[in-house]
Amino acid sequence: EELILNMTLATKEKSGAELLSVNPVINLAVEYIDNHYTDNITIDDITNNLYITKSYLHQLFNENLLISPKKYINSKRLEKARNLLRSGLKPNEIYLSCGFTDYATFYRNYKGYFGHAPSEETNTVIERKIES
């Protein structure tokens, strides 16, 4: 999961679809997600845009990326949130710009993904710098 995310975030100039080049449809789906993950997109938005079924989208993601489309979207949102938090912004200032509709959902997802609360992110960065 982290490898796929890092591949898509590795280069700002290239979208995840250009880096993956696994399947033309999955490339289009990843590109669509990369361009819209900060919006309140749904799986229906992706499938309607690509004229495919939900089950086919899930099959493509699971077979090629070993992750569900929803988890891919959430990981993109959470990585963006982490970067914004590390730049000094506060959690209640960023959750909407990362594609979350409410703070409780953002908080729960962040803590589940990274293992600590969003407010602890700046403390984690400071601790790492001190240890180095």
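Values in this document were obtained by computation on a predicted structure and should not be read as measured data.

Regarding helix H4 (residues 43-50), the residues found buried are Ile43, Ile46, Thr47 and Leu50. Take H4 and look down its axis: the buried residues cluster within an arc of 90°, on one side only. Against the buried residues of H4 lie helix H3 (24-36), helix H5 (54-64) and helix H6 (69-86). Directly after H4, the chain includes Tyr51, whose backbone phi takes a positive value near 60°.

This brings us to the environment of Tyr56. As for its placement among the helices and strands, Tyr56 is situated in helix H5. You can call Tyr56 partly exposed: its relative accessible area is 31%. In the structure, Tyr56 is positioned 31 residues away from Val25 in sequence and 9.9 Å away in space, judged by C-alpha atoms.

Before going further, it helps to spend a moment on the confidence of the model for the protein chain. Averaged over all residues, the pLDDT of the protein chain equals 83, while 76% of them reach at least 70. Counting interchain partners and residues more than four positions distant, the pLDDT-below-50 stretch residues 9-19 has 17 contacts.

Attention now moves to the packing of H3 against H4. Viewed as axis vectors pointing N to C, H3 and H4 meet at an angle of 130°, and their least axial separation amounts to 10 Å. Relative to H4, the element H3 is oriented oblique. Here H3 and H4 pass one another in a crossing that is right-handed. Counting all contacts with H3, which are made through Val25, Leu28, Ala29, Tyr32 and Ile33, the residues of H4 involved are Asp45, Ile46, Asn49 and Leu50.

Glancing now at the side chain of Asn74. With respect to the helices and strands, Asn74 occurs in helix H6. When sequence neighbours within four positions are dropped, the list of residues in contact with Asn74 reads Phe100 and Asn109.

Definitions and cut-offs
- Each chain carries its own residue numbering, running from 1 in the written order of its sequence.
- This being a predicted model, a pLDDT of at least 70 is required before a residue's local features are given, and a value of 80 or more before pairs of side-chain atoms are given or counted; all residues contribute to the totals for chains, interfaces and linings.
- With hydrogens and water set aside, each side-chain value is computed from the structure's full complement of heavy atoms.
- For each residue, the accessible area found with a 1.4 Å probe, counting protein chains only, is set against the maximum for its type, and the residue is called buried under 20%, exposed over 50%, and partly exposed in between.
- Counting from the N terminus, the helices are the DSSP runs of H or I reaching at least four residues and the strands are the DSSP runs of E reaching at least two.
- Starting at the helix axis, one direction is taken to each C-beta atom, and the arc is that of these directions.
- Any two residues whose heavy atoms approach within 4.5 Å are treated as being in contact.
- Here pLDDT means the predictor's own confidence in every residue, given as a number from 0 to 100.
- Note on geometry: axes are C-alpha line fits, over the in-contact stretch for helices, and angles between N-to-C directions span 0 to 180 degrees.
- Here the angle decides the label: under 35 degrees means roughly parallel, over 145 means roughly antiparallel, 65 to 115 means roughly perpendicular, and every other value means oblique.
- Crossings are classed by handedness, with left-handed meaning an anticlockwise turn of the near helix from the far one by less than a right angle and right-handed meaning a clockwise turn.

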